[in-house]
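Examination of the molecular architecture
Here are the chains, one letter per residue:
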Amino acid sequence: AQSVTQPDIHITVSEGASLELRCNYSYGATPYLFWYVQSPGQGLQLLLKYFSGDTLVQGIKGFEAEFKRSQSSFNLRKPSVHWSDAAEYFCAVGGGSNYKLTFGKGTLLTVNP
Amino acid sequence: EAGVTQFPSHSVIEKGQTVTLRCDPISGHDNLYWYRRVMGKEIKFLLHFVKESKQDESGMPNNRFLAERTGGTYSTLKVQPAELEDSGVYFCASSVISPGTLSYNEQFFGPGTRLTVL
């Protein structure tokens, strides 16, 4: 069965600092991997996705993620965090005939001024 | 273009009552998914429609939950009778279908319905 682990429930960073959110997955085949963000009162918004090819993927809002098969990881990074990045971030793996998503528990990001 | 919409945004009901949640997908999206997030837990898949047909309802918790998608447009999720453990946020998502390919199409999520059962 597929699963996703986000080991950090809550992370606090200062504005302008770099950010890395961790994600480990378990999946029997080549996974489709995603990062979603949810701001208060909003739906989940797709930040980036990995299907195949280049293991470093670029997303919206200056985010990037790197797929490391040997470590079963798909960590999200941003070089300089903005106050508007404060939100909850979800890593997900998808696949199978209907592409349903399996999510991690989420990481809540707080940005200090 | 309008995104995925869900109604109501919040619902507070007593244990034993019935609640119906509605999801309007993006126009032209034949895939429709329901997910749920119970507080402190991960977002979990409930079921998947292709047009009006249920493709996968392996995530439905029990027979108190009934999902429909008559006409292949909007979908409803009814909980009857509601229990305390049904409290959480219910998300709907939709995506297009790319026939004849194995490409994955992005799921667009609605803002969710927060259900509180007292």
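This section reports on the structure supplied with the text. (Residues numbered from 1 in each chain as written. Chains lettered and ligands numbered in written order. Predicted model: local features only at pLDDT ≥ 70, side-chain atom pairs only at ≥ 80, totals over all residues. Heavy atoms only, no water.)

1. Describing the layout of surface pockets
Within this model, the largest pocket holds a volume of roughly 690 Å³. Lining the largest pocket are 29 residues; nearest its centre among them are Gln38 and Glu88 of chain A together with Arg37, Val89 and Arg114 of chain B. Elements that contribute at least two residues to the lining of the largest pocket include exactly β10 (87-95) of chain A together with β9 (88-95) and β11 (113-117) of chain B. No other element matches the 4 residues that β11 of chain B contributes to the lining of the largest pocket. Among the residues forming the lining of the largest pocket, the class breakdown is 10 nonpolar, 15 polar and 4 charged. (1 Å grid on protein atoms, 1.4 Å probe; cavity = no way out; pocket = protein on both sides within 12 Å on 5 of 7 lines; lining within 4 Å. Points joined across faces, edges and corners; volume = space filled by probe spheres on them. Helix = DSSP H or I, 4+ residues; strand = E, 2+ residues; numbered from the N terminus. Nonpolar A, V, L, I, M, F, W, Y, C, P; charged D, E, K, R; others polar.)

2. A short note on the nonpolar core
Counting 26 residues, the largest nonpolar core has Leu19, Trp35, Leu47, Leu48, Phe74, Leu76 and Tyr89 of chain A as its most contacted members. Counting residues per element, the ones that place at least two in this core are β2 (10-14), β3 (19-21), β5 (32-38), β6 (44-50), β8 (64-68), β9 (73-78), β10 and β12 (107-112) of chain A. A total of 4 residues in this core trace back to one element, the largest contributor, which is β10 of chain A. Grouped together as the second largest cluster of nonpolar side chains are 21 residues, Val19, Ile26, Met60 and Val79 of chain B included. (Core = buried A, V, L, I, M, F, W, Y, C linked by side-chain atoms within 4.5 Å. Buried < 20%, exposed > 50% of the residue type's maximum accessible area, 1.4 Å probe, protein only.)

3. Some points on the interface of chain A and chain B
Between chain A and chain B, the contact holds 19 residues from the first and 20 residues from the second. Here chain A and chain B share 2 salt bridges between them. The partner of Glu88 of chain A in a salt bridge is Arg37 of chain B, with the nearest N and O atoms 2.9 Å apart. Linking chain A to chain B there are 6 residue pairs in polar contact (both at pLDDT 80 or more). Going through the elements one at a time, β5, β6, β10 and β11 (100-103) of chain A are the ones with two or more residues in the side of chain A that touches chain B. Tallying contributions element by element places β5 of chain A first for the side of chain A that touches chain B, with 4 residues. Split by residue class, the side of chain A that touches chain B holds 10 nonpolar, 6 polar and 3 charged. (Contact = heavy atoms within 4.5 Å. Salt bridge = Lys/Arg side-chain N within 4 Å of Asp/Glu carboxyl O. Polar contact = N/O pair within 3.5 Å; in protein donor to acceptor, adjacent residues only side chain to side chain.)

4. Here's the deal with the state of the cysteines
Residue and element names in this part refer to chain A. All told, the structure shown has 2 disulfides over all chains when counted by the stated rule. Residue pairing for Cys23: its cysteine sulfur links by disulfide to Cys91, the two sulfurs lying 1.9 Å apart. Measuring the twist about the S-S bond at about -65 degrees, one finds the Cys23-Cys91 disulfide to be left-handed. With Cys23 in the loop between β3 and β4 (24-26) and Cys91 in strand β10, the pair connects residues that are 68 residues apart, well separated along the chain. Classification of Cys91 as buried rests on a relative accessible area of 0%. (Disulfide = S-S within 2.5 Å.)

Function-wise, these values are silent; they only describe arrangement.
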